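# What the coordinates show
Residues per chain are reported as follows:
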Amino acid sequence: MFRKILIANRGEIAVRVIRACRDLSVSPVAVYSEPDRAALHVRLADEAFPIGGATSAESYLRIDAIIDATVRSGAEAIHPGYGFLAENAGFARAVRDAGLTFIGPPPEAMEAMGSKTNARAKAQSAGAPLVPGTIAPLSSSNEARDVAASFGYPVMLKAAAGGGGKGMRLVASEDDLASAFESAQSEAMAAFGDREIYLEKAIERPRHIEIQIFADTHGNVVHLGERECSIQRRHQKVIEECPSPINDPTLRARMGEAAVRITQAVDYVGAGTIEFLVSDLTHEFYFLEMNTRLQVEHPVTELVTGIDLVREQITVAAGLPLSFTQEDVSWTGHAIECRVYAEDPENNFLPSPGRITHLSVPAGAGIRDDGGVYEGAEVSIYYDPMISKLAAWGRTRTEAIDRLRRALDEYKVGGIKTTLPFFREIVRDEEFIEGRLDTNFIPRFIERRHTKSEMTNEQTHSDMALIAAALAYEEKGGSANKTQQNGQAQPNTWRRVGRIALHRARAKHVDS
Ligand code: MV4
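Residues numbered from 1 in each chain as written. Predicted model: local features only at pLDDT ≥ 70, side-chain atom pairs only at ≥ 80, totals over all residues. Heavy atoms only, no water.

Let's shift gears to the state of the cysteines. Summed over the entire model, instances satisfying the criterion amount to zero disulfides. Looking at C242, it has no disulfide partner, and the nearest cysteine sulfur is the one in C229, 9.7 Å off. (Disulfide = S-S within 2.5 Å.)

Around the ligand sit 18 residues, and of these K158, E200, K201, I203 and T439 come closest. The contact in question runs from a nitrogen atom of the ligand to an N or O atom on the side chain of E200, over 2.9 Å. In the model, a nitrogen atom of the ligand is placed 2.9 Å from a nitrogen or oxygen of the I203 main chain. For the ligand, whose free accessible area comes to 520 Å², the fraction covered by protein is 90%. Taken together, the residues of the shell around the ligand break down into seven nonpolar, six polar and five charged. (Near = heavy atom within 4 Å. Polar contact = N/O pair within 3.5 Å; in protein donor to acceptor, adjacent residues only side chain to side chain. Areas by Shrake-Rupley, 256 points an atom, 1.4 Å probe, with all protein chains shown as cover. Nonpolar A, V, L, I, M, F, W, Y, C, P; charged D, E, K, R; others polar.)

With antiparallel pairing, three strands are arranged side by side in an open sheet as β7-β6-β8. The outermost strands of the open sheet, each flanked by one partner alone, are β7 (169-171) and β8 (197-201). Taking each pair of neighbouring strands and ignoring which way they run, the sheet shows an average axis angle of 25°. Note that strand β6 (residues 155-159) and β7 share three bridges and pair antiparallel. Bridge pairing in β7 places L157 opposite R169. (Pairing = 2+ DSSP bridges. Helix = DSSP H or I, 4+ residues; strand = E, 2+ residues; numbered from the N terminus. Axes fitted to C-alpha atoms, helices over the stretch in contact; angles between N-to-C directions.)

Relative to the elements of secondary structure, I63 occurs in helix α3 (residues 63-73). Sequence-distant contacts of I63, defined by excluding residues within four places in its chain, comprise L85, N88, F91 and A94. (Contact = heavy atoms within 4.5 Å.)

Applying the stated criterion across every chain, the model contains 41 salt bridges. Where K237 meets E210, a salt bridge forms, and the shortest distance between an N and an O atom there is 3.1 Å. With K237 in strand β11 (residues 236-242) and E210 in strand β9 (residues 207-215), this residue pair connects regions lying 27 residues apart in the sequence. For the pair K237 and E210, one class covers both residues: buried. With a shortest N-O distance of 3.0 Å, E431 and R444 are connected by a salt bridge. On the criterion of sequence distance, the pair formed by E431 in helix α14 (residues 430-433) and R444 in helix α15 (residues 441-475) is long-range, its members being 13 residues apart. A relative accessible area of 11% means that E431 is categorised as buried. Three or more residues joined by partner-sharing salt bridges are found here, namely R205, D429, E431, E434, R436, D438, R444 and R448. (Salt bridge = Lys/Arg side-chain N within 4 Å of Asp/Glu carboxyl O. Buried < 20%, exposed > 50% of the residue type's maximum accessible area, 1.4 Å probe, protein only.)

The next point concerns the packing of aromatic side chains. One pass over the full model with this rule turns up ten aromatic pairs. Arranged with centres 6.5 Å apart and planes meeting at 65°, the rings of F432 and F441 form a pair that is edge-to-face. Judged by relative accessible area, F432 falls into the buried class, the value being 0%. Of the aromatic side chains, those joined through ring pairs into one cluster are F349, F422, F423, F432, F441 and F445. When the ring centre of W331 is taken as origin, the NZ or CZ atom of R252, which lies over that ring, is 4.4 Å away. Its end group placed over the ring of F432, R397 keeps NZ or CZ at 4.9 Å from the ring centre. (Phe/Tyr/Trp six-rings, centres within 6.5 Å; stacked < 30°, edge-to-face > 60°. Lys NZ or Arg CZ within 6 Å of the ring centre and 35° of its normal.)

We now examine the packing of α3 against helix α4 (residues 89-97). Direction vectors running N to C along α3 and α4 enclose 30°, while the axes themselves pass 11 Å from each other. Considering their axes alone, α3 and α4 lie roughly parallel with respect to each other. As α3 packs across α4, the resulting crossing turns out to be right-handed. Of α4, the residues touching α3 (which contributes I63, I66 and I67) are F91, A94 and V95. Class assignment for the residues of the contact of α3 with α4 results in six nonpolar, no polar and no charged. (Parallel < 35°, antiparallel > 145°, perpendicular 65-115°, else oblique. Left-handed = near helix turned anticlockwise from the far one by under 90°.)

What follows is the structure, given as structure tokens:
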């Protein structure tokens, strides 16, 4: 086993890896940027090395500075966490070239899956079902038009170097294809320096279900079942759960087997995730892409399988065989995770940086919080504003939701805005409780909230009309002013309305 591991990351995932190191009696080493000098991961590690300025480019993305810190600390391995350099094959190669161990897949496997067209080719060779579409990149919008005509609309144009929704275009009809092709191409070029575009038939209102896989250096490849990640906002996952509310053991076995075959096709080692789109109607599934890292939402798999994925990453990187076989893996109960962000849900999820003046983290039966902050810590503008992941486990989905609701109500964060109030509404939402989840859940949920708040506004408007009428009535002495300015008699009706308005406005006032 390693004696020391350097963690090339920050926030909750750095803390998560530090905890796994402690379980294995490995000494954790942190790195930190200028604004992170007092961060939780720095406090919890045995040693911490500064690696530069505030921006990611000046710190957590500096391959040389990170390898230099590793060598100086005497650590033998580097855990990249997720984000930053986690899927950078050049980094994995540089780590290997420095005589160190990268806790993750070989750079060749990362490269093979980094190109989405190549990943589709690999998945096809492994016999996994793909979304109907092209494997070879499209050479022109004319070719795109011919291919789209053969599949039928709507279609998706995607960047071969993309993933996670970047450089993606949904095209409803042939009229929109040429311009969508041009814009997708230039967006891909700007974002990835690669203009390659491929095409898929669009699966309408799909579910996003992914399979956790694990491979060791002894040729063992297993899957740990699915995570349902359909609740997303702007291609960012918001809530994840295991198992999927579809909860179909046959579907899990079929998707699991396809995921294992894809993993074997790229000589993979370590933890990885195969993403699928699943038709809500037919439960047919299609390979989408592979993520060659530990994912943010790994805790729901851990809660349901009982397997510590980060511990396993470390032991596998040290050359040990997997501590379990496929037959050993079983799924007990249900887990749901909320990503708690320092964002204002009332203001279009605008980041809400600043000092956390108060922090009460929930606990109790079935509750796990993977946090990266403490009371008094500063949430910086420079990084992803996720402050914790709150997960609940229960024997059933209902029990998990009950516990999650209680924990969300218990959670208190002062000084900054968070997405906690948004989650408190979701766990009370009928569609969510019924498990009717697809990738349009959040837009529908926001629309439902909007309609509700508009109804509230209408009530407010009628209240205001009542108050205005009451004030007008009172201004006239609250009495029957028989003669108006124009000399005409005020109709009795209006006098009566005025009196009712006054009465109701006063009653309202007492109520609130
Ligand atoms: C799709 C799709 C429908 N059909 N591909 C979005 C992120 C990237 N990983 C793939 N994405 C999608 N690809 C085809 N052929 C719909 C999406 C999609 C989506 C997928 C998962 C979760 C949320 C989503 C939101 C919008 C679109």
